[in-house]
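So the chains spell out like this:
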Amino acid sequence: MGTGKAFFGITHEVVNQSTTNAFGTLTSGWTPAESVQFYINGVFQTNFTANADGVVAVGISTGAGFGYITFEEIGLTSGKDTGGVVQVAPTGPYLPGVTGAPHAINTTASAHFYLYGWGYPPSITAVIPLYRNGVFQGNLSTNAAGRFATGNVEALCVILCE
């Protein structure tokens, strides 16, 4: 969804209710250091600042109840608009998830590609294998919440959806 060449990725399609750190969103295509409005189910939550590569990452916790949660982000400088949706369902399996951004990059330039993973075992060191075009690149580690991020994307807040 969206307009203006901003990309929206979500680590999961289906999550459980009442879950701390249930999933993450990762968007790209913003102007570096741009203020980006963040909406949940059409209600403004807060502004985030895109990093130097025009990327914003947000962690989401779920409240009680089932259904769909919609997201929208709007860049205040660029006017770009993007969004996504996740289902909160009573049955799983609730598997680990990952998303990446931006959607496409020039790999011969100095562009960066970000990965954002949620729902993995907490505090593991160099266990999650990372491959690019079938070639092993190295192993990733998770933090105490079972998340991993490549690049500087994990310093943003967690929002509770109810």
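The structure reproduced in this document is the subject of the present report. Just so it is clear, the structure is predicted and the values come from calculations on it, not from any experiment. (Residues numbered from 1 in each chain as written. Predicted model: local features only at pLDDT ≥ 70, side-chain atom pairs only at ≥ 80, totals over all residues. Heavy atoms only, no water.)

Let us now look at the environment of glycine 9. Tracing the backbone through its elements, the reader meets glycine 9 in strand β2 (residues 7–10). We classify glycine 9 as buried; its relative accessible area is 4%. Each C-alpha atom, one on glycine 9 and one on alanine 101, is 7.2 Å from the other, the two residues being 92 residues apart in sequence. Setting aside anything within four residues of it in sequence, one finds glycine 9 in contact with Gly24, Thr25, Leu26 and Thr99. (Helix = DSSP H or I, 4+ residues; strand = E, 2+ residues; numbered from the N terminus. Buried < 20%, exposed > 50% of the residue type's maximum accessible area, 1.4 Å probe, protein only. Contact = heavy atoms within 4.5 Å.)

Attention shifts here to the packing of aromatic side chains. Here the structure, examined in full by the defined rule, presents eight aromatic pairs. Judged by centre distance (6.3 Å) and plane angle (25°), the ring pair of phenylalanine 8 and phenylalanine 71 falls under stacked. One end of the pair, phenylalanine 8, is in strand β2; the other, phenylalanine 71, is in strand β8 (residues 67–75), with 63 residues separating them in the sequence. Comparing phenylalanine 8 with phenylalanine 71 shows no difference in burial state: the two are buried. Between tyrosine 131 and phenylalanine 136 the ring centres are 5.5 Å apart and the planes differ by 65°, which places this aromatic pair in the edge-to-face class. Residue classification places phenylalanine 136 among the partly exposed positions, given a relative accessible area of 43%. Members of the aromatic cluster, joined through ring pairs, are Phe8, Phe23, Phe38, Phe48 and Phe71. (Phe/Tyr/Trp six-rings, centres within 6.5 Å; stacked < 30°, edge-to-face > 60°.)

This part takes up the pairing of β8. Note: strand β5 (residues 35–40) against β8, five bridges, orientation antiparallel. Its bridge partner lying in β8, tyrosine 39 is registered against glutamate 72. When β8 meets strand β9 (residues 81–88), the two strands line up antiparallel, connected through eight bridges. Counterpart to glycine 67 in the pairing with β9 is valine 88. Linking two consecutive strands that pair antiparallel, namely β8 and β9, is a turn of five residues; a positive phi of about 80° is found at glycine 79 within it. (Pairing = 2+ DSSP bridges.)

The subject of this paragraph is the sheet that holds strand β11 (residues 114–118). One open sheet holds the three strands; their spatial order is β10-β11-β14, and the pairing between them is antiparallel. A strand with exactly one partner marks an edge of an open sheet, and here the two such strands are β10 (97–101) and β14 (148–149). Here two bridges tie β11 to β14, and the two strands are oriented antiparallel to one another. Bridge assignment links glycine 117 to a residue of β14, and that residue is phenylalanine 148.

Relative to the helices and strands, alanine 89 is located in the loop between β9 and β10. The spatial distance from the C-alpha of alanine 89 to the C-alpha of valine 15 is 6.2 Å, given a sequence separation of 74 residues. Contact partners of alanine 89, with chain neighbours within four places excluded, come to Val14, Val15, Asn16, Phe66 and Tyr94.

A separate point is unusual backbone geometry. The residue serine 18 is not glycine, and still its phi comes out positive at about 50°. Within the secondary structure, serine 18 sits in the loop between β3 (14–15) and β4 (23–28). At serine 123, a residue that is not glycine, the phi angle is positive and equals roughly 55°. You can see serine 123 is positioned in the loop between β11 and β12 (128–132).

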